[in-house]
Amino acid sequence: MKILTAEQMRQIDRLSTEKYGVPSLLLMENAGLSLYLELERRFADLSKLRIAIICGKGNNGGDGMVLARQLLVRGITPDVILLAGQAEIKGDARVQLEILQKSGLPIVEATSEESWHPLAEKVREYDVIVDALLGTGLTKPLEGLYRQASEDINRAGAFVLAVDIPSGMASDSTLGGSSCVQADVTVTFTAPKIAHILNEDQEALGEVVVAPIGSPPQLLDDPDIYLRLMEENEIAEHRLPRRIASHKGDFGHVVLVAGSRGKSGAALLCARAALNTGAGLVTAAVPETVQPIVAAGQAEIMTEPLAATEEGTVAEAAAEQLLTILQGKDAVGLGPGLSRNSQSVWFIRQVVVKCPVPLVLDADGLNAFENQADLIRNGQDQPVVLTPHPGEFARLTGMTVREIQANGPTIARQFARERGLWLVLKGFRTLVATPEGAVYVCPRGNQGMATGGTGDVLTGVLTALLGWYSAQKLINPEQVSRAVVLGVYLHALAGDLAAAERGPEALTAGDIIVHIGEAYQQLGAEFEN
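First, a word on what this report is: a plain description of the structure on this page. Worth saying up front: this structure is predicted, and the values here are computed from it rather than measured. (Residues numbered from 1 in each chain as written. Predicted model: local features only at pLDDT ≥ 70, side-chain atom pairs only at ≥ 80, totals over all residues. Heavy atoms only, no water.)

1. Details of the overall build of the protein
Here's step 1: Secondary structure summary: the protein contains 20 helices and 19 strands in total.
Here's step 2: By its C-alpha atoms, the protein is 85 × 50 × 40 Å across when sized along the principal axes.
Here's step 3: In the protein, 72% of the contacts between residues at least 6 apart in sequence involve partners at least 24 apart.
Here's step 4: Surface exposure of the protein reaches about 21300 Å², of which carbon and sulfur atoms provide 49%.
Here's step 5: Taking the average location of the 44 positive side-chain charges in the protein and that of its 63 negative ones, the two points are 2 Å from each other. (Helix = DSSP H or I, 4+ residues; strand = E, 2+ residues; numbered from the N terminus. Contact = heavy atoms within 4.5 Å. Areas by Shrake-Rupley, 256 points an atom, 1.4 Å probe, with all protein chains shown as cover. Lys, Arg positive; Asp, Glu negative; His and termini not counted. Charge placed at Lys NZ, Arg CZ, Asp CG, Glu CD.)

2. What about the packing of helix H9 (residues 264–277) against helix H17 (residues 454–471)?
When two helices pack together, their arrangement is given by the angle between the helix axes and by the axis-to-axis distance.
Here's step 1: The N-to-C vectors of H9 and H17 enclose an angle of 40 degrees; their axes lie 7 Å apart at closest approach. With respect to their mutual orientation, H9 and H17 come out oblique. With respect to the hand of their crossing, H9 and H17 are arranged in right-handed fashion. Residue-level contacts link Ala 266, Leu 269, Cys 270, Ala 273, Ala 274 and Thr 277 of H9 to Asp 456, Val 457, Thr 459, Gly 460, Val 461, Ala 464, Leu 465 and Trp 468 of H17.
Here's step 2: Split by residue class, the contact of H9 with H17 holds 10 nonpolar, three polar and one charged. (Axes fitted to C-alpha atoms, helices over the stretch in contact; angles between N-to-C directions. Parallel < 35°, antiparallel > 145°, perpendicular 65-115°, else oblique. Left-handed = near helix turned anticlockwise from the far one by under 90°. Nonpolar A, V, L, I, M, F, W, Y, C, P; charged D, E, K, R; others polar.)

3. Overview of the pairing of strand E1 (residues 51–55)
Here's step 1: Counting buried positions over the five residues of E1 gives five, a clear majority of the element.
Here's step 2: The two faces of E1 match: Ile 51, Ile 53 and Cys 55 on one face and Ala 52 and Ile 54 on the other face are all buried.
Here's step 3: As paired strands, E1 and strand E4 (residues 128–132) are joined by five bridges and run parallel to one another. The residue of E4 that forms the bridge with Ala 52 is Ile 129.
Here's step 4: As judged from the four bridges shared by E1 and strand E2 (residues 79–82), these two strands associate in the parallel manner. Directly across from Ala 52, in E2, lies its bridge partner Asp 79.
Here's step 5: Once the chain exits E1 it traverses helix H3 (residues 59–72) before rejoining the sheet at E2, and the crossover so formed is right-handed. (Buried < 20%, exposed > 50% of the residue type's maximum accessible area, 1.4 Å probe, protein only. Pairing = 2+ DSSP bridges. Right-handed = clockwise from strand over helix to strand, strands pointing away.)

4. Description of a nonpolar patch on the surface
Here's step 1: Together, Leu 25, Val 95 and Ile 99 give the surface a local cluster of nonpolar side chains, amounting to about 190 Å² of exposed area.
Here's step 2: Relative to the helices and strands, Leu 25 is located in helix H2 (residues 24–42).
Here's step 3: The exposure class of Leu 25 is partly exposed, given its relative accessible area of 32%. (Patch = residues over 30% accessible without salt bridge, like charges linked within 9 Å, V, L, I, M, F, W, Y side chains within 5 Å. Salt bridge = Lys/Arg side-chain N within 4 Å of Asp/Glu carboxyl O.)

5. Focus: the nonpolar core
Here's step 1: With 60 residues, the main nonpolar core has Met 230, Val 424, Val 457, Val 484, Val 488 and Leu 523 as its most contacted residues.
Here's step 2: Residue contributions to this core peak at 13 residues, all from helix H18 (residues 477–502).
Here's step 3: In contact with Val 484, not counting residues within four places along its chain, are Val 385, Trp 422, Val 424, Val 432 and Leu 462.
Here's step 4: With 52 residues, the next largest nonpolar core counts Phe 347, Cys 355, Val 357 and Phe 415 among its residues. (Core = buried A, V, L, I, M, F, W, Y, C linked by side-chain atoms within 4.5 Å.)

6. Quick look at the packing of H17 against H18
Here's step 1: Direction vectors running N to C along H17 and H18 enclose 145 degrees, while the axes themselves pass 9 Å from each other. Once H17 is placed against H18, the crossing between them reads as right-handed. For the pair H17 and H18, the contacting residues are Thr 454, Val 457, Leu 458, Val 461, Leu 462, Leu 465, Leu 466 and Tyr 469 in the first and Gln 479, Val 480, Arg 482, Ala 483, Val 484, Leu 486, Gly 487, Val 488, Leu 490 and His 491 in the second.

7. With respect to the sheet that holds strand E15 (residues 384–386)
Here's step 1: Across the sheet, 10 strands lie side by side as E8-E18-E17-E16-E15-E14-E13-E10-E11-E12; this open sheet has mixed pairing. For this open sheet the edge positions go to strand E8 (227–229) and strand E12 (302–306), each flanked by a neighbour on one side alone. When the angles between neighbouring strand axes are averaged without regard to direction, this sheet yields 20 degrees.
Here's step 2: Two strands pair when backbone bridges link them, and strand E11 (residues 281–287) and E12 are joined in this way by five bridges, in the parallel orientation.

8. Things to note about the sheet that holds E1
Here's step 1: Read across the open sheet, the seven strands follow the order E3-E2-E1-E4-E5-E6-E7; overall the sheet is parallel. This sheet does not close on itself; its edge strands, each paired only once, are strand E3 (107–109) and strand E7 (207–211). Averaged over all pairs of adjacent strands, the angle between strand axes in this sheet comes to 20 degrees, irrespective of strand direction.
Here's step 2: Summarising the sheet, E2 and E3 pair through three bridges and their orientation is parallel. Of the residues in E3, the one forming a bridge with Leu 82 is Glu 109.

9. Topic: H9
Here's step 1: For H9, built from 14 residues, the straight-helix expectation of 20 Å at 1.5 Å per residue is met to within 8% by its first-to-last C-alpha distance of 20 Å.
Here's step 2: Counting buried positions along H9 gives 10 out of 14 residues, so the element sits mostly inside the fold.
Here's step 3: Remark: Gly 278 follows H9 within two positions and exhibits a positive phi of approximately 115 degrees. (Expected span 1.5 Å × (residues − 1).)

10. Thoughts on the packing of aromatic side chains
Here's step 1: Applying the stated criterion across every chain, the model contains three aromatic pairs.
Here's step 2: Judged by centre distance (5.5 Å) and plane angle (85 degrees), the ring pair of Phe 251 and Trp 468 falls under edge-to-face. Linking Phe 251 in the loop between strand E9 (242–243) and strand E10 (253–257) with Trp 468 in helix H17, this pair joins segments that are 217 residues apart in sequence. Summarising the burial analysis for this pair, Phe 251 and Trp 468 share the class buried.
Here's step 3: Between the aromatic rings of Phe 393 and Phe 415, the centroid separation amounts to 5.0 Å while the plane-to-plane angle is 75 degrees, which identifies the pairing as edge-to-face. (Phe/Tyr/Trp six-rings, centres within 6.5 Å; stacked < 30°, edge-to-face > 60°.)

11. Side note on the environment of Gln 148
Here's step 1: Of note, Gln 148 is situated in helix H6 (residues 144–156).
Here's step 2: The spatial distance from the C-alpha of Gln 148 to the C-alpha of Ala 120 is 8.9 Å, given a sequence separation of 28 residues.
Here's step 3: Setting aside residues no more than four positions away along its own chain, Gln 148 makes contact with Glu 113, Trp 116 and Arg 155.

12. Side note on unusual backbone geometry
Here's step 1: Of note in this structure, Asp 164 is not a glycine but carries a positive phi near 75 degrees.
Here's step 2: Here Asp 164 shows up in the loop between strand E5 (159–163) and strand E6 (185–189).
Here's step 3: A relative accessible area of 10% means that Asp 164 is categorised as buried.
Here's step 4: The phi dihedral of Lys 473 is positive, around 60 degrees, even though this residue is not glycine.
Here's step 5: The residue Lys 473 is located in the loop between H17 and H18 in this model.

13. Let's talk about the environment of Pro 390
Here's step 1: In this structure, Pro 390 sits in helix H14 (residues 390–397).
Here's step 2: Owing to a relative accessible area of 17%, Pro 390 belongs among the buried residues under this scheme.

Structural data, given as structure tokens:
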């Protein structure tokens with residue numbers, strides 16, 4: 001499913017009419033009808049409810065007026081409150097207003113905060129309030145009459161349906177904290193917008209419902225519409241079959257390079273996650289000082305001891321040793337718990353430059369390139385996948401965390417395209433940017449996953465899938481993108497399943513590993529003959 005900016009939505013509306021002959025009034029009519037159908041779906045008898053539709057002067061208000069008429073023809077009389085003078089209404093909204101006027105339904109106007117005050121008390125009497133004030137065109141914070149009205153809506157205690165987006169939330173914004181209507185459900189049209197998926201104030205949206213209104217679907221195929229939501233039915237198609245006549249080599253031999261003194265758990269989490277994701281063989285290459293601990297952690301994990309520093313971190317001299325180990329392997333995950341020791345940094349840099357297999361670079365693997373992101377490029381034949389959280393990405397690029405959070409999709413896309421690699425920008429909505437310019441958004445994951453080690457688990461999951469695809473000779477850019485998207489979604493789904501069982505407060509990284517198998521089952525993974 002594509003995700004649109006406000007401008008892209010405007011272009012789709014325009015082209016629906018200019019190129020495909022779909023009248024704009026028909027689009028508005030369908031939008032208003034979809035609002036009615038959503039209310040009908042949620043309430044057994046709308047005639048018993050007191051309903052207010054609070055309209056602005058733009059097309060959002062026009063959608064609300066269509067809803068009012070849809071209710072009226074079914075014998076339900078809503079109250080329509082217009083926060084503008086009727087003379088201010090233009091275009092299609094004007095047509096809808098005139099139709100509504102001829103129906104005889106009274107329309108109450110409020111054009112200032114003073115004229116709103118008498119209505120503020122009445123707002124508390126409604127069972128349902130429809131917020132049809134402002135649509136996706138908002139670019140500045142609410143003020144004056146609209147801010148006062150939104151605050152009174154929030155205090156009313158009614159069920160709130162927002163038309164397209166809660167008034168006060170900017171359609172293209174990912175940052176929360178704005179003053180806006182707090183909706184129970186938001187009905188948007190044609191496709192979700194950026195804020196519906198990526199804005200930090202997800203609670204303000206309530207449930208997001210996407211309603212088709214007649215926009216030709218081929219308009220969404222425009223390559224400039226690069227942002228898309230991961231959908232479970234599509235993700236399920238990314239998994240590879242495990243046929244009965246298989247051997248462990250078919251599923252890849254992967255290496256996880258991780259851990260140091262005091263952080264042996266990072267190596268274990270990576271390796272266990274890789275095993276549970278389906279890797280045929282897993283080797284943990286770790287500093288020799290922690291190799292006995294990791295080897296004792298799980299019988300199925302093989303280990304390789306690497307030369308270590310006095311501090312118990314991997315030594316620079318281990319680079320050639322590891323490159324030898326990687327010969328004949330299918331993928332490598334590098335970075336978790338390796339430390340920022342100067343020798344370890346040089347070890348990481350040498351391995352990344354010479355790596356002979358698909359590479360997942362995470363945590364201290366990324367920190368080794370602080371402010372030197374240009375040194376990480378897909379200059380070889382093997383794919384490179386980076387998995388930073390915003391803090392690591394800030395160190396890598398020299399940007400601020402705030403800049404990254406505010407412009408994540410754009411920044412991720414540019415970074416991945418310029419360097420010919422895959423970027424997994426972790427967050428409450430993790431992004432996957434590909435070298436071709438696509439950006440996928442993962443709708444899964446929960447606040448319980450904000451705990452130590454979950455990133456290590458993701459590294460193991462991604463490395464296992466890259467190794468599996470590599471062992472099957474499926475390592476072209478399209479296939480790598482499928483593997484990375486599958487890995488991100490699988491990890492997040494396992495986290496959701498773990499949280500459902502244990503609650504977010506008690507969730508640990510190890511719980512995610514335990515639920516990877518169940519996540520596969522939900523995706524419909526099966527053995528095939």
